[in-house]
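# Fold and geometry: a report
Okay, here's what each chain looks like letter by letter:
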Amino acid sequence: MGEVLGLGVTHFPPYSWPDENMADALSMILGAPGVEERFKNPAHWPASMREEWGEDQARGRVVEHRERMRLGFDHARAKLDAFAPDFVVIIGDDQYENFREDIIPPFCVFGLEDDFDLQPWKSGVGARRKNTWGEGPDFRYPLHGFRDGARAITRGLIEAGVDMPYAFGLHHEESLGHAFANTVLFLDSQRKGFDYPVVPFAVNAYGSAVLRSQGGLGHLLDPDSATAEQLADPPAPAPWRCMEVGAKLAKTLTESPWRVALIASSSWSHAFLSPRTGYVWPDVEADRIMIDALRNEDYDVWRNLELEDLEASGQHEILNWMLVVGAMEALGQKPVVDDFIETWVFNSTKVFVSWEP
Ligand SMILES: [Fe+2]
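Everything numeric here is computed off the predicted structure, so don't read it as measured data.

## Some details on the overall build of the protein chain
The number of helices and strands found in the protein chain is 12 helices and 10 strands. For the protein chain, the C-alpha radius of gyration of 19 Å lies close to 21 Å, the compact-globule estimate for 357 residues. Along the first, second and third principal axes, the C-alpha set of the protein chain runs to 55 × 40 × 40 Å. Across the 357 residues that make up the protein chain, the buried fraction comes to 50%. Once local pairs closer than 6 in sequence are excluded, the contacts in the protein chain between residues at least 24 apart make up 83%.

Printed below as a string of structure tokens:
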């Protein structure tokens, strides 16, 4: 009989960037042609945002923001090591990395080779800035896949009525996307290694924005390039469906012989995805509703969240969490909120939660 440890973390790329780049997303947003001028004007911002931005463009807040994330990751890593899983399932989004115009599956389980390398700074999101470890573009980080685990998960979900796509290799990029890579790299900030085999589980969290925004700020930087057709990419899997798949995943894992850590990887509301806030600050209020519901184990708030509302609040990536929340609800495991890091200027709310078996 298997056991499952639930964890929730962020994969916020600027965590690995120098201090002066922590607020780069906001700087890009303030310069983007697709953002209305009135939202760019600090006079229109919430008072807490003006206060956080201050006179120094939030430079004085960077250290605290990074330190809280570091504590969250160290805490999650300690729980992971104490649990000593046979393998780890990382549930993350694909931001126009492995999946592009040629195929966008709602979910995908990856059965990767026993030994492979991350190359996090070679291309994509990771290549855009220097990193705090001083690692260059040729840096390789060894990791392990686990095909039998991926096979078992896929088989279990298909038998439970979820027509689950799977892949035994990567498609467009040589290395895993940043949601998965950053999760491992941030859980190993000391660079001691990560010996647990990893089964990445991708969710099409970006849904109606996946091609339009190309996994980032594309819809704001070049708003005229989007055709009417591109403006309406087909939707992401709905919250209720993600939770249902998570519950079935939990059943499959507990019927397996393995101890498995199930890690939700993402920040919650993202400023650049939130029309409700003019794309300038994250929808902090919407995230507060979700964390309160999680603390109260009021799972219907999560299940009944409409995709339209979630996307209006820029909470696309919380769909990754929906699977773990659905799994933990099914297993009756209690959430412990290790940290809920609100910010108005560093693009997104970071949340650290654990669910012990
Ligand atoms: Fe992401």
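What follows continues from the structure just given.
## Quick look at helix H6 (residues 178-187)
Taken across its 10 residues, H6 has 10 buried, putting it largely inside the fold. Along H6, the residues that are buried comprise His178, Ala179, Phe180, Ala181, Asn182, Thr183, Val184, Leu185, Phe186 and Leu187.

## Quick notes on the pairing of strand S10 (residues 350-355)
Consecutive side chains along a regular strand alternate between the two faces of the sheet. For S10, the buried fraction is high: 6 of the 6 residues fall into the buried class. In this structure, strand S1 (residues 3-9) lies alongside S10, joined through 3 bridges in antiparallel fashion. The partner of Gly6 across the bridge, within S10, is Trp355. Sheet topology note: the strand S9 (residues 335-341)/S10 ladder contains 6 bridges and is antiparallel. Bridge assignment links Pro335 to a residue of S10, and that residue is Trp355.

## Let's talk about the sheet that holds strand S3 (residues 107-110)
Pairing is mixed in the open sheet, where 8 strands are placed in the order S6-S3-S7-S2-S8-S1-S10-S9. One side of each edge strand has no neighbouring strand; the edge strands of this open sheet are strand S6 (166-167) and S9. With respect to the sheet, helix H4 (residues 62-83) is in contact with S1, strand S8 (259-265), S9 and S10, its orientation differing from that of S1 by roughly 170°. Packed onto the sheet, helix H5 (residues 147-159) meets strand S2 (87-93), S3, S6 and strand S7 (198-203) and runs at close to 150° relative to S3.

## Some words on the environment of Asp163
Among the structural elements, Asp163 can be located in the loop between H5 and S6. For Asp163, a count of 8 C-beta atoms within 10 Å puts it in the exposed group. Separated by 56 residues in the primary sequence, Asp163 and Phe107 place their C-alpha atoms 9.4 Å from one another.

## Observations regarding helix H12 (residues 318-331)
Between its first and last C-alpha, H12 extends 20 Å over 14 residues, near the 20 Å set by a 1.5 Å rise per residue. Burial of H12 is extensive: 11 of the 14 residues sit out of reach of the surface. Of the positions making up H12, those classed as buried are Ile318, Leu319, Asn320, Trp321, Met322, Leu323, Val324, Val325, Gly326, Ala327 and Met328. Directly beyond the C-terminal end of H12, a positive phi value near 70° is found at Gly332.

Rules of the game
- Residues numbered from 1 in each chain as written.
- Predicted model: local features only at pLDDT ≥ 70, side-chain atom pairs only at ≥ 80, totals over all residues.
- Helix = DSSP H or I, 4+ residues; strand = E, 2+ residues; numbered from the N terminus.
- Rg over C-alpha atoms; globule rule 2.2 N^0.38 Å.
- Buried ≥ 20, exposed ≤ 12 C-beta atoms within 10 Å, placed from the backbone.
- Contact = placed C-beta atoms within 7 Å.
- Pairing = 2+ DSSP bridges.
- Axes fitted to C-alpha atoms, helices over the stretch in contact; angles between N-to-C directions.
- Expected span 1.5 Å × (residues − 1).

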